[in-house]
Amino acid sequence: MLGGITGGINGVEFGGLFNINKQDMRGLQMAGIFNSTGGNVGGIQMAGIANYVKGDMKGLQMGGIANIARQSSGFQMAGIANYTAGVNNVQMAGIANVATGSRFQIAGIANYAQGADIQIGTINIAQHAGFQMGIINISETDEAAMLGVFNYVKKGGLFEIGVSANDYIYGAVNLVTGTDRLYSILSFGAYSPSSNVSVGLGAGTRIQLGDSPRGIHFELKHNQIYRNNFKNKGRSAALEQARIFYSVRKNKFTLYGGPTINVLLRDTDFTEVKDPVYSIFENRSSKHKFDLWVGAEIGVRFNLK
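Residues numbered from 1 in each chain as written. Predicted model: local features only at pLDDT ≥ 70, side-chain atom pairs only at ≥ 80, totals over all residues. Heavy atoms only, no water.

Participant: What is the right way to look at the overall build of the protein chain in this model?
Facilitator: For the protein chain, the helix and strand inventory stands at zero helices and 25 strands. Its C-alpha atoms give the protein chain a radius of gyration of 26 Å, more than 25% over the compact-globule value 19 Å for 305 residues. C-alpha atoms of the protein chain, sized along the principal axes, occupy 80 × 50 × 30 Å. Here the protein chain, with 305 residues, has 41% of them falling under the buried criterion. (Helix = DSSP H or I, 4+ residues; strand = E, 2+ residues; numbered from the N terminus. Rg over C-alpha atoms; globule rule 2.2 N^0.38 Å. Buried < 20%, exposed > 50% of the residue type's maximum accessible area, 1.4 Å probe, protein only.)

What follows is the structure, encoded as structure tokens:
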């Protein structure tokens, strides 16, 4: 009724508080507080607080707080944290996942793996990563495709500062981080005469043309427009862009330029936001204004790495 200590289980084990197996467990373990297995597990562990496996875990671990296994080739799910010293297939945790290698990690706060195919969390750290998505992504090498607000590659990668101008935002400062495979763009721009400012967030990829320094960029970017004091008085304006650039990279400098497809959507009473010079398509209502046009942008970026 409360708990049991056994040599091993081949079947089903229930404990109101705990289950402790000195050797292997094959089947199903369920406990109100924790399950502990000194050998290997092939099956399912479910506990209100924690599951621990000294050996290999093949199956499913579900813990209210934590799951720990020497090596897992199955599924770990915990309210707070998962840890495995070996390769793990799937880890899902409310706070953090830690693994030597992982094919998939998702966490509310942080993921860490020496090698990971996919990481999704607020902060993702890996020595070798295939794909990372979060607010902050950190990778040892530039093999990763990184999608986040800020990306950092220890060896190689992009950490570019640049300036740009287009037909609507007359000047902007840009931070580009990640890799050529997938990079993120943070920008701060301004245009006159309305003294409005824009804060932009985007993503892009660069395809190198053979062994030359030339390349083609494909980028998507969202720009939120604010008054110069950032007080919009409940009004909203945004500029969405799809951009195709031709670039030349030399001595860490990248000079680029090309066409942009622009969609400007703003509240009608946001009169400080000016109409574009021309529109291919426009729509006006009592609440919103919409403009679509093709423009151009030029800029330069310098890689600090």
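Participant: Just checking my understanding: could you explain the layout of surface pockets for this structure?
Facilitator: Over the atoms, a rolling probe the size of a water molecule traces out where space has been left empty. When its volume is computed, the largest pocket comes out at roughly 160 Å³. What lines the largest pocket is D142, G156, G157, L158, E160, T179, D180, R181, R249, K252, T254 and N303. Along the lines of polarity and charge, the residues of the lining of the largest pocket split into one nonpolar, five polar and six charged. (1 Å grid on protein atoms, 1.4 Å probe; cavity = no way out; pocket = protein on both sides within 12 Å on 5 of 7 lines; lining within 4 Å. Points joined across faces, edges and corners; volume = space filled by probe spheres on them. Nonpolar A, V, L, I, M, F, W, Y, C, P; charged D, E, K, R; others polar.)

Participant: In this structure, what is going on with the nonpolar core? I would like to understand it.
Facilitator: Soluble globular proteins tend to pack their nonpolar side chains together in the buried interior. Counting eleven residues, the largest nonpolar core consists of Y168, I169, A172, Y191, I225, A237, L239, L264, F270, V273 and W293. In this structure, A237 is in contact with N223, Q224, I225, L265, R266, F270 and V273, ignoring residues within four places of it in sequence. Counting six residues, the second largest nonpolar core, distinct from the first, contains I9, V41, V53 and M57. (Core = buried A, V, L, I, M, F, W, Y, C linked by side-chain atoms within 4.5 Å. Contact = heavy atoms within 4.5 Å.)

Participant: What exactly am I supposed to notice about the pairing of strand β7 (residues 50-63) here?
Facilitator: It is a general feature of regular strands that their side chains alternate between the two faces of the sheet. For strand β5 (residues 34-37) and β7, the ladder comprises four bridges, and the chain directions are parallel. Its bridge partner lying in β7, T37 is registered against V53. Strand direction decides the pairing type here: strand β6 (residues 41-47) and β7, joined by seven bridges, are parallel. Its bridge partner being in β7, G43 is matched across the sheet by G59. Judged from the six bridges that link them, β7 and strand β8 (residues 66-72) form a sheet pairing that is parallel. Bridge pairing links A50 to A66 in β8. Two elements, β7 and strand β9 (residues 75-78), share four bridges in a ladder whose sense is parallel. Residue Q61 lies in a different strand from β9, and its bridge partner there is Q76. (Pairing = 2+ DSSP bridges.)

Participant: For this particular structure, what's the right way to read empty space enclosed by the protein?
Facilitator: Summed over the entire model, instances satisfying the criterion amount to one cavity of 30 Å³ or more. The volume enclosed by the largest cavity comes to roughly 50 Å³. Together, S164, N166, I169, A172, N174, K221, N223, Q241, R243 and E297 line the largest cavity. Of all the secondary-structure elements, those providing two or more residues to the lining of the largest cavity are β17 (158-166), β18 (171-178), β21 (214-226) and β22 (237-250). Grouping the amino acids of the lining of the largest cavity by side-chain chemistry returns two nonpolar, five polar and three charged.

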